[in-house]
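Coordinate analysis (summary)
Here are the chains, one letter per residue:
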Amino acid sequence: MTLEEDYNMFSDLWRLYRKYREVRVDNEYWQDLIKDTDKVYEKYQTELCKRLLLEILDEFERRFKNENVL
């Protein structure tokens, strides 16, 4: 990937993170998150992109679990 492609990928990752950073309980939130995650991966299809997306998803899942402890 070129530097410009790297920049675009990180920008898209940031926009995804920013859009979904306020984790919600509803199914629509999680479905939209997965759909948008898939779109970003389809666009770049690199191992780095995949790992970063998985880290973002793990972080949101961790937040969800920590905020919804019974």
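Residues numbered from 1 in each chain as written. Predicted model: local features only at pLDDT ≥ 70, side-chain atom pairs only at ≥ 80, totals over all residues. Heavy atoms only, no water.

1. Brief notes about the environment of Ser11
Position of Ser11 relative to the elements: it lies in helix α1 (residues 3–20). We classify Ser11 as buried; its relative accessible area is 14%. Taking the C-alpha atoms as reference points, Ser11 and Glu47, separated by 36 residues in sequence, lie 17 Å from one another. (Helix = DSSP H or I, 4+ residues; strand = E, 2+ residues; numbered from the N terminus. Buried < 20%, exposed > 50% of the residue type's maximum accessible area, 1.4 Å probe, protein only.)

2. With respect to the pattern of salt bridges
Scanning the entire structure with this criterion turns up nine salt bridges. A salt bridge links Glu59 to Arg63; the nearest nitrogen and oxygen atoms lie 3.0 Å apart. Highlighted residues: Glu59 and Arg63, both in helix α3 (residues 47–67), separated by four residues, approximately one helical turn. The class of Arg63 is buried, set by a relative accessible area of 14%. (Salt bridge = Lys/Arg side-chain N within 4 Å of Asp/Glu carboxyl O.)

3. Structural notes on unusual backbone geometry
For Gln45, which is not glycine, the phi torsion reads 45° and is therefore positive. Turning to its location among the elements, Gln45 is positioned in the loop between α2 (27–44) and α3.

4. Points about the side chain of Asp12
One can find Asp12 in helix α1. Here Asp12 falls in the buried class, since its relative accessible area comes to 11%.

5. Structural notes on the side chain of Asp36
Residue position: Asp36 is located in helix α2. With relative accessibility at 15%, the residue Asp36 sits in the buried group. Here the side chain of Asp36 touches Lys19 through a polar contact of 2.9 Å, side chain to side chain. Sequence-distant contacts of Asp36, defined by excluding residues within four places in its chain, comprise Leu16, Lys19 and Tyr20. (Polar contact = N/O pair within 3.5 Å; in protein donor to acceptor, adjacent residues only side chain to side chain. Contact = heavy atoms within 4.5 Å.)

6. Brief notes about the packing of α1 against α3
Contact geometry of α1 with α3 gives a least axis separation of 11 Å together with a crossing angle of 15°. When the axis of α1 is compared with that of α3, the two are roughly parallel. Between α1 and α3 the crossing geometry is right-handed. In contact with Met9, Phe10, Leu13, Leu16, Tyr17 and Tyr20 of α1, α3 contributes Leu48, Cys49, Leu52, Leu53, Ile56, Phe60 and Arg63. (Axes fitted to C-alpha atoms, helices over the stretch in contact; angles between N-to-C directions. Parallel < 35°, antiparallel > 145°, perpendicular 65-115°, else oblique. Left-handed = near helix turned anticlockwise from the far one by under 90°.)

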